[in-house]
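# Chains, contacts and geometry: an overview
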2 protein chains.
Amino acid sequence: MGRIVSPSKVEVPHKWFNILTALNFDIPVNLPPERSSDGVSVQLPIELVRQTVTKKRWVDIPAAVRAAYEKWRPTPLLRAEALEKYLDTPARIYYKNEGVNVSGSHKLNTAIAQAYYYHRAGVRRLVTATGAGQWGTAVAVACAMFGLECGVRMVGTSFHSKPYRRTMMELYGAEVSPSPDPITKAGRQFLANHDPDSGNMALAIAESLEDTTRDGFTRFCIGSGELYSILHQTIIGLEVKGQLSMLGEEADVIIGSLGAGSNFGGIAAPYIADNIENGKKVRCLSVEPSACPKLTRGEYRYDFTDSSGLTPMEKMYTLGHHFATPDIHAGGLRYHATSKLISALYHYGLVEAIAVPQTDVFASGALFLRTEGFLPAPESAHAVHGAVLEAIAARVDGIPRTIVINLSGHGYFDLAAYQSWHDGTMVDINVTDDEIRKSLSQIPDVKCIL
Amino acid sequence: MGRIVSPSKVEVPHKWFNILTALNFDIPVNLPPERSSDGVSVQLPIELVRQTVTKKRWVDIPAAVRAAYEKWRPTPLLRAEALEKYLDTPARIYYKNEGVNVSGSHKLNTAIAQAYYYHRAGVRRLVTATGAGQWGTAVAVACAMFGLECGVRMVGTSFHSKPYRRTMMELYGAEVSPSPDPITKAGRQFLANHDPDSGNMALAIAESLEDTTRDGFTRFCIGSGELYSILHQTIIGLEVKGQLSMLGEEADVIIGSLGAGSNFGGIAAPYIADNIENGKKVRCLSVEPSACPKLTRGEYRYDFTDSSGLTPMEKMYTLGHHFATPDIHAGGLRYHATSKLISALYHYGLVEAIAVPQTDVFASGALFLRTEGFLPAPESAHAVHGAVLEAIAARVDGIPRTIVINLSGHGYFDLAAYQSWHDGTMVDINVTDDEIRKSLSQIPDVKCIL
């Protein structure tokens, strides 16, 4: 197991860090949707809107949010000495353990902030959509903290195959429904043409949005990829900087798994700013699944953020909003694109990316368990695998380096996936160039919409 | 969520505490079994034998064991302020969180010590039996630490219904087999007359013992109730004393759930000694399931420690070794008796006991999750419920008190049980006086054996 380096010696930051103030370029603006969806409420609390446009470098963390953070933050930064020894590497490996809160992942950092702002804005009920349940659990916990009601639409296959996360949400008082649900219009339309087991996130989002029409006090919230979500996650990177500095260490490589981008962006943001402004050369490496290689094999262009075609278009690295991501176990990394912020950072060469197959990822996750005594979520195991590759490179090159992993969550509710790896039944799914080309060709040309 | 009070400010103790040196009475000796079982190896490493007879007050923790403890110890002592507030009690409630290691429970404290001693004694492979899997997981982790092979016989119904713990053990390299297993003689005999689903701990133990005949390098280890197990668990109580003293607090009531007795004995031992020797009056309250009320409704007499009738008899509070404990969710508290040490302490009035129904226990467990952000194992939720009752009593009486819960493990692999509580399908099972009387009547009279 890892040696705890500084679990509580650094203070929980008082402000989030706004990386936009360090960039020499603008993030391309969103394009409005061609059609609008009837009566759904996606209005953001004014504070969240402000956070996406502010020119301030530091954004105050409200006292109530910081008090909630203090229940488990600062999260421990641990040295993975047993893993280093196993890999016989001259590299030093640290991991920031974001899996030590009750929701099990970093998602709680933004869920709490959002619940706070919605609560202050007079909202009484938050609804959201969740795939495997990590985000839904974070929202359920955050709602309980601020006395909000909570409704979670969970993709039906996960609802039935991952009952533990559902139970956690229900014990926190959330109402959890499987999607598709015949109670919604979107659900009925879907069920008329599809198998009940073929629901997906896009449908769960559509059904959640429909829930907001129930009354004037319900709003829909979203966990990842938005500028404000990544802003809230910068608390991870800020703590890491403080903790490493107390140790007299300097990071050489920061590694996070990449879905929409909030865990990777959250740990990398302060380092990227340092690279731009202070001439530092810390590599920021994102690790995506080879089954969903948006940065490494996608295109940088305008696309929809979900499969409905009703959302604003954003400029991002995408595989196409109809891309049928293979059913890998890291559900949180199956998104067809990555956020416009991470996409722009990659476009301008400020972050790196690699794509890795899931059997390698689970091998590294299981190795991490045996050496460090902590089981990474399948998503987080991508970052672990990236660190293993870097550590091996350090041995081969003979060049030591200090590696920091964002260990975004625990995998104790994902043991069925680990069992399939252990049994040897897990397979890797290759995505062909043809599949990607075909999916990209389905994105409407932006000029048709403007 | 609880506020961390002192996760790392106290040092990990260098010695375990031997409570036998504080007692004014002897623990009754074991009686040898009438029949012996062929060729099985239950030989203990000499150090473990010494620990059951030593007159030394303090037993050195070997450096390698202490180094392993330091990976996660001292465990946090947390103040349950949100729970106190919810209960509107003048009591102060602390909980010692033993669920924060990778095995998920306090069992790792003794598993590591045992693996170390067996390894030093030249043993190459440890086998054990496990019900729900907490003990088996602890042994698997400990064996991996010291390079021992590990074989776990898991009660078949749990093997199939609790796949997550099985996967954890396998990821640590343990070989996990369901019991009954046709590969063993005991398994074949059982299968000839019973349903394959009706296996139990007694059979799993018998099959594990048979595994020791395979070669000269395999030994069987056991997790709870032995004097040396409770000795190893005193690290919990020693840390609590240090942590409370740093806070300027004095405990009034120490609470633990009661199965064979290792988690309760571990936290209570230093306090009981203080009561005897220094005139302190700290109440030590054990909480047992009303479905298995060995202390509150059993008899203090010689009985077998398992249903085989092959083990030595020990003098203990028992419901009879053929007592058919109802199938409650707290599998770790279903043992028909409690250890001879705890039994003697109860006999001499040094500890208290209450029995509580499981629906109340799960209500308190779920309340603990919502207020403190940590889900107790069903076993540990018994201790939480005991604390809730004490806190309510404090409100009713208007007498404040400082309560310390031994939170022996997490319940994240027991969510199916919590779901059944949440759904309202969980029931309480009453044990009748007749059932207990009948079961006690099956215990052979000691004179027949001597």
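Everything numeric in this text was worked out from a predicted model, so none of it was measured.

### Quick look at the overall build of chain A
Summing up its helical and strand segments, chain A has 18 helices and 15 strands in all. Its C-alpha atoms give chain A a radius of gyration of 21 Å, within 12% of the compact-globule value 22 Å for 450 residues. Along the longest, intermediate and shortest principal axes, the C-alpha atoms of chain A span 60 × 50 × 45 Å. Relative to its full complement of 450 residues, chain A shows a buried share of 62%. Put simply, 77% of the contacts in chain A that link residues at least 6 apart link residues at least 24 apart. One finds the centroid of the 43 positive side-chain charges in chain A at a distance of 5 Å from the centroid of its 47 negative side-chain charges.

### Things to note about the relation of the copies chain B and chain A
Superposing chain B onto chain A takes a rotation of 180° plus a shift of 0.0 Å along the axis, which leaves an RMSD of 0.0 Å. In the structure described here, the two chain copies are related by an operation that fits a two-fold rotation axis. Counting the interface residues of chain B, we find that 100% of their copies in chain A are interface residues as well, pointing to one common contact surface.

### Brief notes about the interface of chain B and chain A
Counting residues at the interface gives 30 residues for chain B, matched by 30 residues for chain A. Between chain B and chain A, roughly 3,100 Å² of surface is buried when both sides are summed, and carbon and sulfur atoms account for 66% of that area. In this structure, the connection of chain B to chain A is made through zero salt bridges. Scanning the region where chain B abuts chain A turns up 10 residue pairs in polar contact (both at pLDDT 80 or more). Breaking the side of chain B that touches chain A down by element, the ones donating at least two residues are α5 (134-146), α7 (163-171), α14 (358-372) and α16 (415-423) of chain B. Here the residues of the side of chain B that touches chain A are counted per class, giving 20 nonpolar, six polar and four charged.

### A word on the environment of B:Y300
Residue and element names in this part refer to chain B. Take Y300: it is sitting in strand β12 (residues 299-304). Put simply, Y300 and I183 are 117 residues apart on the chain and 38 Å apart in space, counted from C-alpha to C-alpha. Excluding anything up to four places from it in sequence, Y300 contacts P28, K315, M316, Y317, S343, A344 and H347.

### Focus on the domain arrangement of chain A
Residue and element names in this part refer to chain A. If you check the domain split of chain A, you get domain 1 (16-65 + 106-220) and domain 2 (73-103 + 236-440). Put simply, the middle of domain 1 and the middle of domain 2, counted by C-alpha atoms, are 23 Å apart. Each partner contributes residues to the interface: domain 1 has 34 residues there, and domain 2 has 39 residues. Note on domain 1 versus domain 2: buried area summed over both sides is about 3,100 Å², and carbon and sulfur give 63% of it. Among the residues of domain 1 in contact with domain 2, I19, F25 and H106 are the three that bury the most area, contributing 20% of the side total. For the pair domain 1 and domain 2, the interface holds three salt bridges. Residue E277 is joined to R57 by a salt bridge in which the shortest nitrogen-to-oxygen separation is 2.5 Å. Remark: the boundary between domain 1 and domain 2 carries 10 residue pairs in polar contact (both at pLDDT 80 or more). Contributions of two or more residues to the side of domain 1 that touches domain 2 are made by β2 (15-17), α4 (107-120), α5 (134-146), α7 (163-171) and α9 (201-211). With four residues, α5 is the single largest residue contributor to the side of domain 1 that touches domain 2. Looking at the side of domain 1 that touches domain 2 residue by residue, the class counts come to 22 nonpolar, eight polar and four charged.

### Structural notes on the sheet that holds strand β9 (residues 218-220) of chain A
Strand pairing in a sheet relies on backbone hydrogen bonds, with the paired strands running either antiparallel or parallel. All names here are of chain A. Strand order in the open sheet formed by four strands is β8-β7-β6-β9, with parallel pairing between adjacent strands. Each of the sheet's edge strands pairs with one partner strand only, and the pair in question is β8 (175-179) and β9. Here the strands of the sheet are splayed against their neighbours by 20° on average, with no regard to which way each runs. Looking at chain direction, strand β6 (residues 125-130) and strand β7 (residues 149-155) are connected through six bridges and run parallel. Directly across from R125, in β7, lies its bridge partner E149. Here α5 sits on the sheet in contact with β6 and β7, set at roughly 165° to β6.

### With respect to the packing of helix α1 (residues 46-53) of chain A against helix α10 (residues 227-246) of chain A
Residues and elements named next belong to chain A. Running from N to C, α1 and α10 cross one another at 85°; their axes reach a closest spacing of 8 Å. Here α10 runs roughly perpendicular to α1, going by the angle between their axes. On α10, the residues that touch L48, Q51 and T52 of α1 are L227, Y228, L231 and H232. Residue composition of the contact of α1 with α10, grouped by class: four nonpolar, three polar and no charged.

### Thoughts on the side chain of A:R219
Structurally, the position occupied by A:R219 is in strand β9. One buried charged residue, A:R219, forms no salt bridge at all, with the nearest opposite charge on A:D215 at 6.1 Å.

### Regarding the packing of aromatic side chains
Taken as a whole and assessed by the stated rule, the structure comprises 25 aromatic pairs over all chains. Aromatic pair A:Y69 and A:W72: ring centres 5.9 Å apart, planes at 85°, arrangement edge-to-face. Residue A:Y69 shares its accessibility class with A:W72, and that shared class is buried. When the ring of A:Y317 is compared with that of A:Y346, the centres are 5.1 Å apart and the planes differ by 80°; the resulting orientation is edge-to-face. Pair noted here: A:Y317 is in strand β13 (residues 313-318) and A:Y346 is in helix α13 (residues 340-347), with a separation of 29 residues, a long-range link. Residue classification places A:Y346 among the partly exposed residues on the basis of a relative accessible area of 22%. For B:R124, the ring lying beneath its charged end belongs to B:F217, and the centroid distance is 3.7 Å.

### Re the nonpolar core
Membership of the largest hydrophobic core comes to 232 residues, with the highest contact counts inside it found for A:W16, A:Y69, B:W16 and B:Y69. When sequence neighbours within four positions are dropped, the list of residues in contact with A:Y69 reads A:V12, A:W16, A:I61, A:N109, A:I112, A:A113, A:H232 and A:I235.

### Comments concerning the sheet that holds strand β8 (residues 175-179) of chain B
Residue and element names in this part refer to chain B. Strands sit in the order β8-β7-β6-β9 across an open sheet of four strands; the sheet is parallel. Here the strands that pair on one side only, and so sit at the sheet edges, are β8 and β9 (218-220). Each strand of the sheet is rotated relative to its neighbour by a mean of 20°, with strand direction disregarded. Pairing between strand β6 (residues 125-130) and β9: three bridges, direction parallel. Each bridged residue has a counterpart across the sheet, and for R125 the counterpart in β9 is T218. Across the sheet, α5 lies against β6 and β7 (149-155), angled at about 165° from β6, the strand it touches most.

### Regarding the pattern of salt bridges
Side chains that differ in sign of charge can pair as their charged atoms come close. Counted according to the given criterion, the structure contains 50 salt bridges over all chains. Each of the salt bridges in this network shares a partner with another, and the network as a whole consists of A:R283, A:E352, A:E390, A:D397 and A:R401.

### Quick look at the state of the cysteines
All names here are of chain A. Summed over all chains, the structure comprises zero disulfides over all chains. A disulfide-free cysteine, C221 has its sulfur positioned 6.6 Å from the sulfur of C143, the nearest such atom. Judged by its relative accessible area of 2%, C221 falls in the buried class.

### What about the environment of B:E84?
Residues and elements named next belong to chain B. Following the sequence through the fold, E84 ends up in helix α3 (residues 81-87). For E84, a relative accessible area of 7% puts it in the buried group. Along the sequence, E84 and T371 sit 287 residues apart, while their C-alpha atoms lie 9.0 Å from each other. Leaving out residues up to four positions away in the same chain, E84 has contacts with R79, T89, A91, R92 and I93.

Criteria and cut-off values
- Residues numbered from 1 in each chain as written.
- Chains lettered and ligands numbered in written order.
- Predicted model: local features only at pLDDT ≥ 70, side-chain atom pairs only at ≥ 80, totals over all residues.
- Heavy atoms only, no water.
- Helix = DSSP H or I, 4+ residues; strand = E, 2+ residues; numbered from the N terminus.
- Rg over C-alpha atoms; globule rule 2.2 N^0.38 Å.
- Buried < 20%, exposed > 50% of the residue type's maximum accessible area, 1.4 Å probe, protein only.
- Contact = heavy atoms within 4.5 Å.
- Lys, Arg positive; Asp, Glu negative; His and termini not counted.
- Charge placed at Lys NZ, Arg CZ, Asp CG, Glu CD.
- Least-squares fit on C-alpha atoms with pLDDT ≥ 70 in both.
- Buried area = accessible area lost by both parts, 1.4 Å probe.
- Salt bridge = Lys/Arg side-chain N within 4 Å of Asp/Glu carboxyl O.
- Polar contact = N/O pair within 3.5 Å; in protein donor to acceptor, adjacent residues only side chain to side chain.
- Nonpolar A, V, L, I, M, F, W, Y, C, P; charged D, E, K, R; others polar.
- Domains from an automatic or database assignment.
- Pairing = 2+ DSSP bridges.
- Axes fitted to C-alpha atoms, helices over the stretch in contact; angles between N-to-C directions.
- Parallel < 35°, antiparallel > 145°, perpendicular 65-115°, else oblique.
- Phe/Tyr/Trp six-rings, centres within 6.5 Å; stacked < 30°, edge-to-face > 60°.
- Lys NZ or Arg CZ within 6 Å of the ring centre and 35° of its normal.
- Core = buried A, V, L, I, M, F, W, Y, C linked by side-chain atoms within 4.5 Å.
- Disulfide = S-S within 2.5 Å.

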